[in-house]
Amino acid sequence: MSEENKSLNFIEQIIEQDIKSGKHEGRVHTRFPPEPNGYLHIGHAKAITINFEITKKYGGTTNLRFDDTNPVAEDTKYVEAIKQDIKWLGYDWEDREYYASDYFQTLYDYAEKLIHKGLAYVDDSTAEQIAQMKGDTRTPGKNSPYRDRPVLENLQLFRDMKDGKYEDGAKVLRAKIDMSSPNMHMRDPVIYRIKRAHHHRTGDQWCIYPMYDFAHGQSDSIEGITHSLCSLEFRHHRPLYDWFIQQLNIFPSRQIEFARMNVAYMITSKRRLLKLVQDGIVNGWDDPRMPTLSGLRNKGFPPAAIRTFCDKAGVAKRDNLIEYELLESCVRDELNKTSLRAMVVLDPLKLIIKNYPQDQTEQLPVIDNPEDPHASSHMLSFSRELFIERSDFMVDPPKKFFRLAPGRNVRLKAAYIIHCDDFKKDPETGEVTEVLCTYYPETKSGSDDSGIKAKGVLHWVEAHSAIPIVVNNYQQLFTDPTPLGHDDKDYLDFLNPDSLTVNEGALAEPFVAQTKQLDTLQFMRQGYYCRSADQNGKPCFNHTVSLKSRWKPKTQ
RNA sequence: AGACCCAUGGUGUAAUUGGCAACACUCCGGUUUUUGGUGCCGUCAUUCUAGGUUCGAGUCCUAGUGGGUCUACCA
């Protein structure tokens with residue numbers, strides 16, 4: 001579908017209307033506003049792509065702004081990690097790196113302005129009392145006894161708060177709006193609190209900090225953000241967002257809410273993810289099983305695939321649960337185009353070619369990526385002794401099985417057609433230990449005009465040149481697509497005990513050792529794998545995604 | 001219980017804003033293939049319900065039903 005024909009999502013429709021009407025001179029300016037108190041995950045990727053892609057489309061710019069108004073939770077290490085992840089995803093905020101904390105003085109001045117206008121007051125009530133007086137969704141709140149303090153007294157008290165004359169929590173500044181509003185956020189929200197905590201950027205300069213509602217919209221306004229895109233749970237904050245902008249008479253940024261993206265089998269709750277890390281259920285925030293961007297990166301998911309995925313998931317306002325298969329499809333699609341192919345036998349079974357000379361070895365070329373018209377190729381060693389995949393041989397195969405079995409032909413990829421004559425079994429266990437074959441010299445790959453047929457094609461490695469590798473196999477961390485969606489069960493009840501299994505017995509052609517960390521290969525006929533840190537001196541690969549397969553062995 | 005938001009195949013998003021319900025993923029078939037991959041072709045919907053407006057409704061109106069959000073000195 002061409003770009004012009006592609007239908008617009010509701011945010012693009014709003015923006016096109018704004019451009020048409022000449023609002024803000026047709027300028028489009030968005031921002032991505034993470035709080036530096038955790039690592040970015042797939043949900044953030046959605047927000048990032050929405051914000052950056054929309055300005056790419058309409059010729060605007062996107063700011064990176066750290067929403068760092070709560071010094072207790074925030075840290076510079078998160079700032080660095082977040083920046084790295086956004087760059088990795090493929091987006092560039094250029095020189096527009098901002099911090100809400102850059103605006104602390106301006107925000108403070110805004111607060112005094114509100115006090116002057118009689119629209120804010122210092123409240124001595126405790127947090128519990130404030131909550132109490134707030135009422136609930138069906139009961140109007142009660143005015144605080146401090147609500148009608150004179151302007152000058154409020155001003156003095158607020159300055160004293162700033163100057164550190166009160167204990168943490170002793171007083172707060174509240175906006176004076178409407179304690180009977182059906183919208184709880186309008187019931188005199190707290191806008192400043194006393195908190196003696198070291199801020200990662202402003203240090204100990206301040207002991208009062210603005211709340212989200214008093215910082216976010218104003219920060220948008222200060223930066224001239226035209227369209228402030230956020231998730232649906234901020235819908236109820238919008239009247240407050242607009243109220244501050246109006247009362248302060250500052251640049252009118254507009255907040256637009258969209259539905260958060262939910263992905264099957266993934267959770268994005270910071271607290272619950274932290275528990276997985278702390279309890280050692282995963283090996284850190286960047287474990288390939290984590291939905292963090294660093295986790296997906298280590299799993300081998302290319303940034304382009306994540307961008308495509310977010311695009312294909314779409315933007316709307318209804319609840320959604322995106323199937324994991326869509327993500328996998330985007331990953332396969334990208335990797336199919338970009339990954340070099342290699343032969344790796346995950347579960348080796350020895351195969352002897354009886355009529356191949358004992359001491360002979362030959363080099364056979366194999367193309368690196370058949371999807372790439374300019375693909376290079378590399379050489380494979382071939383000899384009398386090989387390994388094939390154990391699952392590619394059956395003593396007594398079902399009708400649709402067209403791999404190797406006694407009396408059958410099969411092609412060895414990039415090599416010869418072979419015929420299975422016999423096999424050996426372990427007398428104790430009954431396990432097949434060796435397959436005995438003969439090859440047809442005239443069926444050499446690339447110059448085969450023999451007319452000999454073989455239905456199946458097998459990958460293989462040559463016994464003496466093959467190198468041992470370690471393979472980490474990953475499955476979903478949870479056995480349920482919505483581990484948080486059960487009233488009667490905890491998400492930890494759905495942990496998949498097999499989410500990581502380590503295979504130390506795989507054999508690879510030497511070519512795979514040439515990869516660097518984070519390189520992705522297609523192990524032919526099996527799937528995509530991403531080079532990880534070596535284990536026990538052996539190259540190690542993380543499973544990214546399997547190849548699709550129309551062969552479904554009967555599991556009964 | 002209230003206020004606000006939402007409702008289109010199994011999933012997600014469309015429908016030139018009132019004019020033949022489309023695209024992608026999944027599933028299932030077929031075809032091509034020296035990867036059972038890729039590519040290509042095909043099957044899969046009473047648009048939540050009931051009324052109403054209209055020549056004509058997924059779209060507008062009313063009521064209902066279902067789901068979500070909101071009552072932190074977090075963001």
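Residues numbered from 1 in each chain as written. Chains lettered and ligands numbered in written order. Predicted model: local features only at pLDDT ≥ 70, side-chain atom pairs only at ≥ 80, totals over all residues. Heavy atoms only, no water.

### Examining helix α11 (residues 303-313)
In an α-helix, one full turn covers 3.6 residues, which means residues spaced three or four apart are oriented alike. Residues of α11 that are buried: P303, A304, A305, I306, F309 and C310. Here the buried face of α11 lies against α2 (42-58), α3 (76-89), α10 (293-299) and α12 (324-338). (Buried < 20%, exposed > 50% of the residue type's maximum accessible area, 1.4 Å probe, protein only. Helix = DSSP H or I, 4+ residues; strand = E, 2+ residues; numbered from the N terminus. Contact = heavy atoms within 4.5 Å.)

### Concerning the sheet that holds strand β3 (residues 97-99)
Either a parallel or an antiparallel arrangement is found when strands of a sheet pair, and the pairing is made through backbone hydrogen bonds. Pairing is parallel in the open sheet, where 3 strands are placed in the order β1-β2-β3. Of all strands in the sheet, those bounded by a partner on one side alone are β1 (29-32) and β3. When strand polarity is set aside, the average angle formed by the axes of neighbouring strands in this sheet is 35°. One ladder, built from 4 bridges, connects β1 with strand β2 (residues 61-66); its direction is parallel. Paired with T30 across the two strands is T62, which belongs to β2. Its contacts with the sheet put α2 on β1 and β2, and the angle it makes with β1 is roughly 160°. (Pairing = 2+ DSSP bridges. Axes fitted to C-alpha atoms, helices over the stretch in contact; angles between N-to-C directions.)

### Describing the pattern of salt bridges
A full pass over the atoms with the stated rule returns 35 salt bridges. The partner of R65 in a salt bridge is E223, with the nearest N and O atoms 3.1 Å apart. Of this pair, R65 sits in strand β2 while E223 sits in the loop between α7 (212-222) and β8 (227-231), placing them 158 residues apart in sequence. E233 is the partner of R260 in a salt bridge, and the nearest nitrogen-oxygen pair spans 3.5 Å. One end of the pair, R260, is in the loop between β9 (254-258) and α9 (270-278); the other, E233, is in the loop between β8 and α8 (238-248), with 27 residues separating them in the sequence. For R260, a relative accessible area of 46% puts it in the partly exposed group. E233 gets classed as partly exposed once you look at its relative accessible area, which sits at 41%. Taken together, the shared-partner salt bridges connect D124, R149, E153 and K171 into one network. (Salt bridge = Lys/Arg side-chain N within 4 Å of Asp/Glu carboxyl O.)

### Brief notes about the packing of aromatic side chains
One pass over the full model with this rule turns up 23 aromatic pairs. Measuring from centroid to centroid gives 5.2 Å for F382 and Y416, while their planes differ by 55°, and the two rings are tilted. Residue F382 is located in strand β14 (residues 377-383), and its partner Y416 is located in the loop between β16 (409-412) and β17 (417-425); the two are separated by 34 residues in the primary sequence. In this pair, the class of F382 matches that of Y416, namely buried. Among the aromatic residues, those joined into a ring-pair cluster are F104, Y108, F158, Y192, W206, Y209, F214, W243 and F244. Seen from the ring of W88, R297 lies directly overhead, with NZ or CZ sitting 5.1 Å from the centre. The cationic tip of K455 hangs over the ring face of F402; the distance from NZ or CZ to the ring centre is 4.9 Å. (Phe/Tyr/Trp six-rings, centres within 6.5 Å; stacked < 30°, edge-to-face > 60°. Lys NZ or Arg CZ within 6 Å of the ring centre and 35° of its normal.)

### Brief notes about the protein's contact with RNA strand B
The environment of RNA strand B is made up of 67 residues, and the closest members are A313, R341, S445, Q522 and R550. For RNA strand B, the fraction of atoms within 4 Å of the protein that belong to sugar or phosphate moieties is 58%. Taking K413, its side chain carries an N or O atom lying 3.3 Å from a sugar or linking oxygen of RNA strand B. Note that a phosphate oxygen of RNA strand B is positioned 2.7 Å from one of the side-chain N or O atoms of R525. Of all the secondary structure elements, the ones that give two or more residues to the surface near RNA strand B are β6 (190-194), α11 and α12. The element that contributes the greatest number of residues to the surface near RNA strand B is α12, accounting for 4 residues. The class makeup of the residues in the surface near RNA strand B is 23 nonpolar, 21 polar and 23 charged. (Near = heavy atom within 4 Å. Polar contact = N/O pair within 3.5 Å; in protein donor to acceptor, adjacent residues only side chain to side chain. Nonpolar A, V, L, I, M, F, W, Y, C, P; charged D, E, K, R; others polar.)

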